[in-house]
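Here are the chains, one letter per residue:
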Amino acid sequence: MRLGFLVDLSRCMGCMACAVSCKAENDVPLNSWRLRVKYIDQGEFPYVKRHFVPLRCNHCENAPCERICPVSALHYLPNGIVNVDHNRCIGCASCMMACPYNAIYIDPITNSADKCTYCAHRIEVGMMPACVVACPTHANIFGDLDDPESEISKYLKEHRDVMVRKPELNTKPKHFYVRGSTVALDPLASERPEGYTLFTEVKFLDHIGGH
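Residue positions are counted from 1 within each chain, in the order its sequence is given. Whole-chain, interface and lining totals are the exception, using all residues; otherwise, since this is a predicted model, local features are given only for residues with pLDDT of at least 70 and side-chain atom pairs are given and counted only at 80 or more. Values shown for side chains rest on all heavy atoms present in the structure; no hydrogens or waters enter the calculation.

## What to know about the sheet that holds strand S8 (residues 140-144)
Here we have 3 strands laid out as an open sheet, ordered S8-S1-S9, and mixed in their pairing. Two strands bound the open sheet, and with one partner strand each, they are S8 and strand S9 (175-178). Geometrically, the sheet is characterised by an average inter-axis angle of 25° between neighbouring strands, direction not taken into account. Only strands that DSSP links by at least two bridges are regarded as paired with each other. Secondary structure elements follow DSSP: runs of H or I of four or more residues count as helices, runs of E of two or more count as strands, with numbering from the N terminus. As paired elements, strand S1 (residues 3-8) and S8 share 5 bridges and run antiparallel to each other. Of the residues in S8, the one forming a bridge with Leu6 is Ile141. To define axes, lines are fitted to C-alpha atoms, for helices over the stretch in contact only, and angles between the resulting N-to-C directions are given on a 0 to 180 degree scale.

Pasting the structure below:
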């Protein structure tokens, strides 16, 4: 069994139900997120489109966070989930620095690393992750990648536009996206025309102070 996640970006409407349900289910502290939804505006008025992209741990098959943890607090479960043992974690933040997806944070209450675990506690009792249940458009699709009859396997087989974040790093993410724009997943893919950058015209004060 290899559990994986897929997001159909054409169905995501940015309602944030997944992010809110995740925080409620996992008691995530304020100012911390296991799952966040970013948005990207593309185009020039009046021809502008907004893309929504849910971001969570990719549960990589070649996870840098798992390799770098000095106490094996980050470890693989038999189903492929990259889990966190909070009792073992020493809060060194090595995993945070190693993760190229910015998916790990230090819990300010427990002082241990935390991240999306695909709601491993729910999976263990046969339930779906909270974000999957909460999504009103069924944009989040979860299941066993090794089962050819699972919904996620059929989705991956039917769609040729399957994307992952930062494929060049060879972390082998088990979190996929379909029907999305390259701009939504790759910040460097955005067009940056001359004259529209933040620091196009840098100006300096003639003097400092009131005199």
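So much for the structure itself; the text now carries on.
## A short note on the side chain of Arg56
If you trace the backbone, Arg56 turns up in the loop between strand S3 (47-55) and helix H2 (64-68). Buried charged residue Arg56 carries no salt bridge. Nearest counter-charge: Asp8, at 12 Å. Polar contact is the term for a pair of N or O atoms within 3.5 Å; when the atoms are in protein, one must be able to donate a hydrogen and the other to accept it, and sequence-neighboring residues count only if both atoms are side-chain atoms. Within polar-contact distance, the side chain of Arg56 engages the side chain of His175 at 2.8 Å. Any two residues whose heavy atoms approach within 4.5 Å at even a single point are treated as in contact. Not counting the four nearest positions on each side in its chain, Arg56 is found in contact with Phe5, Val7, Arg34, Leu35, Ala103, Cys116, Tyr118, Cys131, Asn140 and His175. Burial classification: accessible surface area is computed with a 1.4 Å probe over protein chains only, and a residue below 20% of its type maximum counts as buried, one above 50% as exposed, and the rest as partly exposed. For this count, His and the chain ends are skipped, Lys and Arg are scored as positive, and Asp and Glu as negative. The term salt bridge refers to a side-chain nitrogen of Lys or Arg lying within 4 Å of a carboxyl oxygen of Asp or Glu.

## Points about the packing of aromatic side chains
Under the pairing criterion, centres of Phe, Tyr and Trp rings, with the six-membered ring standing for Trp, must be within 6.5 Å; the plane angle then separates stacked pairs below 30 degrees from edge-to-face pairs above 60, leaving the rest tilted. One pass over the full model with this rule turns up 3 aromatic pairs. Relative to Phe142, the ring of Phe5 lies with its centre 5.8 Å away and its plane at 55°, an arrangement referred to as tilted. With Phe5 in strand S1 and Phe142 in strand S8, this pair connects stretches of sequence that are 137 residues apart. An identical accessibility class is assigned to Phe5 and Phe142; each is buried. With a centroid separation of 5.3 Å and 75° between ring planes, the pair formed by Tyr118 and Phe142 is classed as edge-to-face. Remark: Phe142 occurs in strand S8 and Tyr118 occurs in the loop between strand S7 (113-114) and helix H4 (120-123); sequence separation between them is 24 residues. On the basis of relative accessible area, Tyr118 is assigned to the buried category, the value being 2%. Through a chain of ring-to-ring contacts, three or more aromatic side chains come together here, namely Phe5, Tyr118 and Phe142.

## Some points on the pattern of salt bridges
Scanning all chains against the criterion turns up 8 salt bridges. Measuring nitrogen to oxygen at the nearest pair gives 2.9 Å for the salt bridge that ties Arg2 to Asp146. One end of the pair, Arg2, is in the segment before S1; the other, Asp146, is in the loop between S8 and helix H6 (151-158), with 144 residues separating them in the sequence. The class for Arg2 is partly exposed, based on a relative accessible area of 29%. Among the ionic pairs, Asp41 bridges to Arg50, the shortest N-O distance being 2.6 Å. Asp41 sits in the partly exposed class, given a relative accessible area of 43%.

## Some details on the nonpolar core
In summary, soluble globular proteins display a tendency toward joint burial of nonpolar side chains. Side-chain atoms within 4.5 Å are what join buried Ala, Val, Leu, Ile, Met, Phe, Trp, Tyr and Cys residues into a set we call a nonpolar core. Of all hydrophobic cores here, the largest spans 44 residues; its most connected members are Phe5, Val53, Cys65, Leu74, Ile104, Phe142 and Tyr177. Going through the elements one at a time, S1, helix H1 (17-26), strand S2 (36-44), S3, strand S5 (82-84), H4, helix H5 (130-134) and helix H7 (182-185) are the ones with two or more residues in this core. Beyond its immediate chain neighbours, meaning those up to four positions away, Cys65 contacts Leu74, Val82, Cys95, Ala98 and Ile104. In terms of nonpolar packing, the next biggest core, distinct from the first, is built from 7 residues, Leu6, Ile141, Tyr155 and Phe176 among them.

## A short note on the state of the cysteines
A disulfide bridge is the covalent bond that connects two cysteines by way of their sulfur atoms. Any pair of cysteine sulfurs within 2.5 Å is marked as a disulfide. Here the structure, examined in full by the defined rule, presents 0 disulfides. Free cysteine: Cys15, not disulfide-bonded; nearest cysteine sulfur from Cys135 at 6.2 Å. The partly exposed category is assigned to Cys15, whose relative accessible area is 41%. Here Cys119 stays free of any disulfide, with the sulfur of Cys131 as its closest cysteine sulfur at 6.2 Å. With relative accessibility at 7%, the residue Cys119 sits in the buried group.

So yeah, pure geometry; function would need other evidence.
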